[in-house]
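One-letter residues, chain by chain:
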Amino acid sequence: MSKVKLYPVCNWERNQHKMYNYNDKMYIKAHEENTEEAWRAFEESERLLEVFNGQVRNGLVYAAYKDYCLIKDILGYYDWTH
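What comes next is a walk through the structure. Predicted, not measured: the structure shown is a model, and the values here were computed from it.

1. Focus: the overall build of the protein
When helices and strands are counted, the protein shows three helices and three strands. Mapped in sequence order, the helices and strands of the protein form the string β-α-α-β-β-α. By principal-axis analysis of the C-alpha atoms, the protein measures approximately 35 × 35 × 15 Å. For the protein, the residues scored as buried account for 27% of the 82 residues in total. Residue pairs in contact within the protein that sit at least 24 positions apart in sequence constitute 68% of those at least 6 positions apart. If you sum the accessible surface of the protein, you get close to 6,000 Å²; carbon and sulfur atoms cover 51% of it. For the protein, the distance from the average position of its 11 positive side-chain charges to the average position of its 13 negative side-chain charges is 10 Å.

2. Some remarks on the packing of helix α2 (residues 36-54) against helix α3 (residues 65-81)
Where α2 meets α3, the axes come as close as 11 Å, and the angle between the chain directions of the two elements is 105 degrees. Between α2 and α3, the crossing angle belongs to the class labelled roughly perpendicular. For the pair α2 and α3, contact is made by Glu 44, Arg 47, Leu 48, Val 51 and Phe 52 and by Asp 67, Leu 70, Ile 71 and Ile 74, respectively. In the contact of α2 with α3, the residues fall into six nonpolar, no polar and three charged.

3. Focus on the pattern of salt bridges
Close approach of charged atoms lets side chains of opposite charge pair. On inspection of all chains with the given rule, the structure shows four salt bridges. Here Lys 18 makes a salt bridge to Asp 79, at a shortest N to O gap of 2.7 Å. Note that Lys 18 is positioned in helix α1 (residues 12-33) and Asp 79 in helix α3, a separation of 61 residues in sequence. With relative accessibility at 9%, the residue Lys 18 sits in the buried group. Salt-bridge contacts for Arg 40 lead to Glu 36; the nearest nitrogen and oxygen are separated by 2.8 Å.

The rules behind the values
- Residues numbered from 1 in each chain as written.
- Predicted model: local features only at pLDDT ≥ 70, side-chain atom pairs only at ≥ 80, totals over all residues.
- Heavy atoms only, no water.
- Helix = DSSP H or I, 4+ residues; strand = E, 2+ residues; numbered from the N terminus.
- Buried < 20%, exposed > 50% of the residue type's maximum accessible area, 1.4 Å probe, protein only.
- Contact = heavy atoms within 4.5 Å.
- Areas by Shrake-Rupley, 256 points an atom, 1.4 Å probe, with all protein chains shown as cover.
- Lys, Arg positive; Asp, Glu negative; His and termini not counted.
- Charge placed at Lys NZ, Arg CZ, Asp CG, Glu CD.
- Axes fitted to C-alpha atoms, helices over the stretch in contact; angles between N-to-C directions.
- Parallel < 35°, antiparallel > 145°, perpendicular 65-115°, else oblique.
- Nonpolar A, V, L, I, M, F, W, Y, C, P; charged D, E, K, R; others polar.
- Salt bridge = Lys/Arg side-chain N within 4 Å of Asp/Glu carboxyl O.

No statement about biological role is implied by the geometric values presented.
The structure is reproduced here in structure tokens:
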């Protein structure tokens, strides 16, 4: 079994609302547009939310590099727009 290196992403408590906000936006978009692409984006947001909530150690979120990059982009966009 190969081990995947996990990278520290952020503090869970200070950033969890940002991930839920993104998930809510993808849910609304999927229902409004009702396209395959929008539903895939929502499913990906669900997966990332599971990663975000599932890899918390000592208050920090850890993720594999690909997911680390995606989550950082989501958090950065939220910070930029608020």
